[in-house]
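# Inside the fold
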Amino acid sequence: MATPKKPLSSPPGLAKGNFVLLVETMSRRANSKLFVFAFLSLLAFLSVSFYGSRDVNYQTDLDFPPTRPKITNPSSHAITITENVDEELSRGLNRRVSSVKDSSVDSVSVLLPDWEVLMIVSPRSVVDSGESLWCLYANNATSKAIFAGVLPSTNQTTFKCLFPESARRRKMFLQSVLLTRSPEKEKSSEAAPMMIQWSFMAYESFSTEDDVVLFAKGMNNRQGINRSPSEFNCVFGNNGAKTAVTSSTQEVFRCPHPNVTAFDSGGEDDDRHKIKISLEISGENLLVPSVAYYNPPLTIALPRRKSLLCACTMVYNVAKFLREWITYHSKIGVDRFILYDNNSDDDLQTIVKDLNQEGYDIETLLWIWPKTQEAGFSHGAVYANDSCSWTMYVDVDEFIFGPNWNNSENPSDQMLKSLLPSSSERHHHHQIGQVSLSCNEFGPSDQKQHPVEGVTQGYTCRRLEENRHKSIVLLDAIDHSLLNVIHHFALKENYRSKQVSMEVALVNHYKYQAWPEFKSKFRRRVSAYVVDWTKATNPKSKDRTPGLGFEAIEPQGWAHKFCEVRDERLKNLTQTWFGNKTSNGLKMAWQR
């Protein structure tokens, strides 16, 4: 016989009815707390799952190979890709917008500064840069896509779109889709991976004979403060092969090559041709989103004659200035020019083509990444190492000038090379690996617009004190880290820098030009570690223009500013060398 349960008794001081009510109330509260706990646990699980899965999305859904496009219609720039790509890409992007499957172009989107969206197209897609293309966003807003160029390292076609204001209000920015037909009837989908943020991603890689150089944003954000290499690994491909990072400086990370046999499937389309490379933050177990690809070094390096002196610079909309800069420096000793085009939208390529046809050796590389001047120079240091011995790092508004050259009736291609170390200096225990030149900064010189005869002719008034230094560097002497600051590189231990006297050579920096020219420059700063003019930060920095606020508003008396010394030495010299007398007066060789 079962023993009957003993009824609950009221605690002392409580009536029986009140005790039952208290028990029922406590039971309801317990159930309520259990429900809240279960809900919060579920929410936390979903959040962690989403966070942990975003790297999987970047690793698989956005993975496409850097195969070389084949142009089927040169007049319309239609690009047809015939090689296979990973099925994961198709599945991932088709999940993204099943309703636009027939009109979407396989691509990945990156959110850049100023609400620009960079669309990087899969090489297998057929894209006509002349047709109308649109970007479709998660809230079904659209914007027109503008052709932005082809990435030289992977041959991927790129477009830019303006991120609509209506889409900016969302808490999460999902991948946008590139459409080839009118988006009026198309609808987006929420089943998309996150859009890559420019402030945190790997964007380029370069393979040397000895290692891999990976370029990534978001790790070392302050000048001179770098995270330890031990915090990172380079990660290759979907199988996750890793090598330890040996150097972490600015946006440059170096690591050994992976074992490429791990990627060799033995087939015609094996994984060696489509190996994505990214950066792992070890302690956080986090894989940095990446659009960069690993290219194994050539087994047999093709021999190439090295130029003694090259010039490397980053340019943006400098078509009107380029011919003067190239003509002048070529005549005084630069053998080869390498231009990192920071997404110019002027007539730069036409000017470069014309100059090459005239016999100048000029190469341009599309470097679409914003505020990456230091990284671009680091890339140039390894990229040019097999074709250049010494490289001059000066901008297109800067001209190297030797005061004693005024005695020469004609320019000589030995003028710049005479600044390089002599044979006795080259055999010194601490060899000279870098030549440093001081700068004179020129002002608007009463100019109201760009002088058609050239900057050397139009700007002749400068500041009294010299400011900044530019360099000519021996590429083999550059430190393994590729660290550079304001056109100067860190050198290996057995190399040193040499400062050139201003009586021997200097740089005429035509920095403060006529207001319409300077205003266009105001729009962007290319250095990753220099605050933009539009930001009200660090107002007393030497990188800021005295008297200029935080908006592109012409300061009063701009045309007469920065004029402390009248200096016409280079103007007179270039007139002697490059001036031609015509019925309409003197015409410079670069005038068209």
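Residues numbered from 1 in each chain as written. Predicted model: local features only at pLDDT ≥ 70, side-chain atom pairs only at ≥ 80, totals over all residues. Heavy atoms only, no water.

Keep this limit in mind: UniProt positions are given in the numbering used here, feature names are shortened, and annotations may be inferred rather than shown by experiment.
As recorded in an unreviewed UniProt entry, the protein goes by Glycosyltransferase family 92 protein and comes from Tripterygium wilfordii. The heading Sequence similarities (unreviewed entry) in the UniProt record of the protein holds the text "Belongs to the glycosyltransferase 92 family." Looking at the protein in UniProt, the text filed under Subcellular location (unreviewed entry) is "Membrane".

## Some words on the overall build of the protein
What counts, and what does not: Counting from the N terminus, the helices are DSSP H or I runs at least four residues long and the strands are E runs at least two residues long. Categorising residues by exposure relies on relative accessible area from a 1.4 Å probe, with only protein chains included: less than 20% of the type maximum marks a residue as buried, more than 50% marks it as exposed, and the intermediate range marks it as partly exposed. Contacts were defined at the residue level, with two residues in contact if any of their heavy atoms lie within 4.5 Å. Using the Shrake-Rupley algorithm and a 1.4 Å probe, accessible areas are obtained, with residue cover drawn only from the displayed protein chains.
Counting its secondary structure elements, the protein contains 10 helices and 35 strands. Taking all 592 residues of the protein together, 50% fall into the buried category. When contacts within the protein are restricted to residue pairs at least 6 apart in sequence, long-range pairs at least 24 apart make up 71% of them. Total accessible area on the protein stands at roughly 28900 Å², and carbon and sulfur atoms take up 52% of it.

## What to know about the nonpolar core
Short version of the rule: Nonpolar cores were defined as sets of buried Ala, Val, Leu, Ile, Met, Phe, Trp, Tyr and Cys residues, with membership established by side-chain atoms within 4.5 Å.
Of all hydrophobic cores here, the largest spans 94 residues; its most connected members are Leu322, Trp325, Trp369, Met392 and Ile400. Excluding its chain neighbours within four sequence positions, the residues that come into contact with Trp325 are Ala311, Thr313, Phe337, Leu339, Met392, Val394, Asp395, Val396, Glu398 and Phe399.

## Brief notes about empty space enclosed by the protein
What counts, and what does not: Using protein atoms alone on a 1 Å grid, points that fit a 1.4 Å probe yet trap it form a cavity, whereas open point sets bounded by protein on both sides within 12 Å along at least five of seven lines form a pocket; residues with an atom within 4 Å of a point count as lining. Grid points are joined across faces, edges and corners, and a volume is the space filled by probe spheres set on the points. Marked domain ranges trace back to an automatic or database domain assignment.
According to the stated counting rule, one finds five cavities of 30 Å³ or more in the structure shown. The space that makes up the largest cavity amounts to roughly 60 Å³. Around the largest cavity sit Leu151, Ser153, Thr154, Gln156, Tyr203, Glu204, Ser205, Val291, Ala292, Tyr293, Asn295 and Trp369, which together line it. Lining the lining of the largest cavity are residues from two domains, each supplying at least three of them: domain 1 (104-197) and domain 2 (205-260 + 274-294).

## A closer look at the packing of aromatic side chains
Just so we agree on the cut-off: Any Phe, Tyr or Trp ring, taking Trp's six-membered ring, that has another such ring centre within 6.5 Å forms a pair; planes under 30 degrees apart are called stacked, those over 60 apart edge-to-face, and the others tilted.
In this structure the tally under the stated criterion is 33 aromatic pairs. Here Tyr203 and Trp369 contribute two aromatic rings whose centre-to-centre distance is 5.4 Å and whose plane-to-plane angle is 50°, an arrangement assigned as tilted. Taken together, the residues span a long stretch of sequence, with Tyr203 in strand 12 (residues 201-207) and Trp369 in the loop between strand 23 (362-366) and helix 6 (373-383) at a distance of 166 residues. Summarising the burial analysis for this pair, Tyr203 and Trp369 share the class buried. With centroids separated by 6.1 Å and ring planes inclined at 40°, the aromatic side chains of Tyr512 and Phe518 adopt a geometry described as tilted. Cluster of aromatic residues (ring-pair linked, three or more members): Tyr328, Phe399, Phe442, Tyr459, Tyr510, Trp577, Phe578 and Trp590.

## Concerning helix 9 (residues 515-522)
As a reminder, the rule being used: Read the arc as the range of directions from the helix axis to the C-beta atoms.
Among the residues of helix 9, Trp515, Glu517, Phe518 and Phe522 are the ones counted as buried. Taken down its axis, helix 9 places every buried residue within 160° of arc, on the same side. At its buried positions, helix 9 is contacted by helix 4 (319-331).

## Looking at the state of the cysteines
Note the threshold: Here, the term disulfide refers to a pair of cysteine sulfur atoms separated by no more than 2.5 Å.
The full count for this structure, using the stated rule, is four disulfides. Across the disulfide, Cys461 is cross-linked to Cys563 (sulfur-sulfur distance 1.7 Å). Every disulfide takes its handedness from the sign of the S-S torsion; for Cys461 and Cys563 that torsion is 75°, giving right-handed. Of this pair, Cys461 sits in strand 27 (residues 461-462) while Cys563 is found in the loop between helix 9 and strand 33 (565-566), placing the two residues 102 residues apart along the sequence. When its relative accessible area of 2% is taken as the criterion, Cys461 is described as buried. Residue classification places Cys563 among the partly exposed positions, given a relative accessible area of 37%. Indicated for the protein is the disulfide connectivity 1-2, 3-4, 5-6, 7-8, based on numbering the bonded cysteines in sequence order. Looking at the unpaired Cys312, the closest cysteine sulfur is the one in Cys388, lying at 8.5 Å.

## Quick word on the sheet that holds strand 13 (residues 211-217)
Short version of the rule: Here the rule is simple: two strands pair whenever DSSP picks up at least two bridges between them. With axes taken as lines fitted to C-alpha atoms, and helix axes fitted only over the stretch in contact, angles between N-to-C directions fall between 0 and 180 degrees.
Strand order across the open sheet formed by four strands is 12-13-17-16, with antiparallel pairing between neighbours. The strands lining the two open edges of the sheet, one partner per strand, are strand 12 and strand 16 (247-249). Averaged over neighbouring strand pairs, the angle between their axes works out to 20° when direction is ignored. Across six bridges, strand 12 lies against strand 13 in antiparallel orientation. Paired with Met201 across the bridge in strand 13 is Lys217.

## Remarks on the pairing of strand 7 (residues 133-136)
The pairing of strand 7 with strand 8 (residues 142-151) spans four bridges and is antiparallel. The residue of strand 8 that forms the bridge with Trp134 is Lys144. Connecting strand 7 to the next strand, strand 8, in antiparallel fashion are five residues, including Asn140 with a positive phi near 75°. Sheet topology places strand 7 next to strand 10 (residues 177-179); three bridges connect them, and they run antiparallel. Note that in strand 10 the partner of Leu136 across the bridge is Val177.

## Focus: the side chain of His379
Mapped onto the fold, His379 is located in helix 6. Note on His379: relative accessible area 6%, which makes it buried.

## Side note on the pattern of salt bridges
Rules: Any carboxyl oxygen of Asp or Glu that lies within 4 Å of a side-chain nitrogen of Lys or Arg is treated as forming a salt bridge with it.
Following the criterion strictly, the structure yields 17 salt bridges and no others. Taking the shortest distance from any N to any O, the salt bridge between Asp567 and Arg569 comes out at 3.0 Å. Taking the relative accessible area as the measure of exposure, Asp567 reaches 6% and is therefore buried. Of the residues examined, Arg569 reaches a relative accessible area of 30% and is grouped as partly exposed.

## Thoughts on the packing of helix 4 against helix 5 (residues 348-357)
Our working definition: Roughly parallel here means an angle under 35 degrees, roughly antiparallel means over 145, roughly perpendicular means 65 to 115, and every remaining angle is called oblique. Here a crossing is called left-handed whenever its near helix is offset anticlockwise from the far helix by less than a right angle, and right-handed whenever the offset is clockwise.
Put simply, helix 4 and helix 5 touch, their axes get as near as 9 Å, and they point 25° apart. By the criterion of interaxial angle, the relationship of helix 4 to helix 5 is roughly parallel. The crossing of helix 4 and helix 5 is right-handed. Facing helix 4, whose interface residues are Ala319, Leu322, Arg323 and Ile326, helix 5 presents Leu348, Ile351, Val352, Asp354 and Leu355.

## Some thoughts on the side chain of Thr208
Among the secondary structure elements, Thr208 is positioned in the loop between strand 12 and strand 13. The exposure class of Thr208 is buried, given its relative accessible area of 15%. When near neighbours in sequence (up to four residues on either side) are disregarded, Thr208 contacts Val213, Arg254, His257, Pro297 and Val382.

## Some words on helix 4
Definition in use: Here, expected helix span is obtained from the residue count minus one, scaled by 1.5 Å.
Given a rise of 1.5 Å per residue, 13 residues ought to cover 18 Å, and the 19 Å separating the end C-alpha atoms of helix 4 matches this to within 8%. Counting buried positions over the 13 residues of helix 4 gives 10, a clear majority of the element. Those residues of helix 4 that fall on the buried side of the exposure criterion are Ala319, Phe321, Leu322, Arg323, Glu324, Trp325, Ile326, Thr327, Tyr328 and His329. Where helix 4 terminates, the next one or two residues include Gly333, which has phi positive at roughly 135°.

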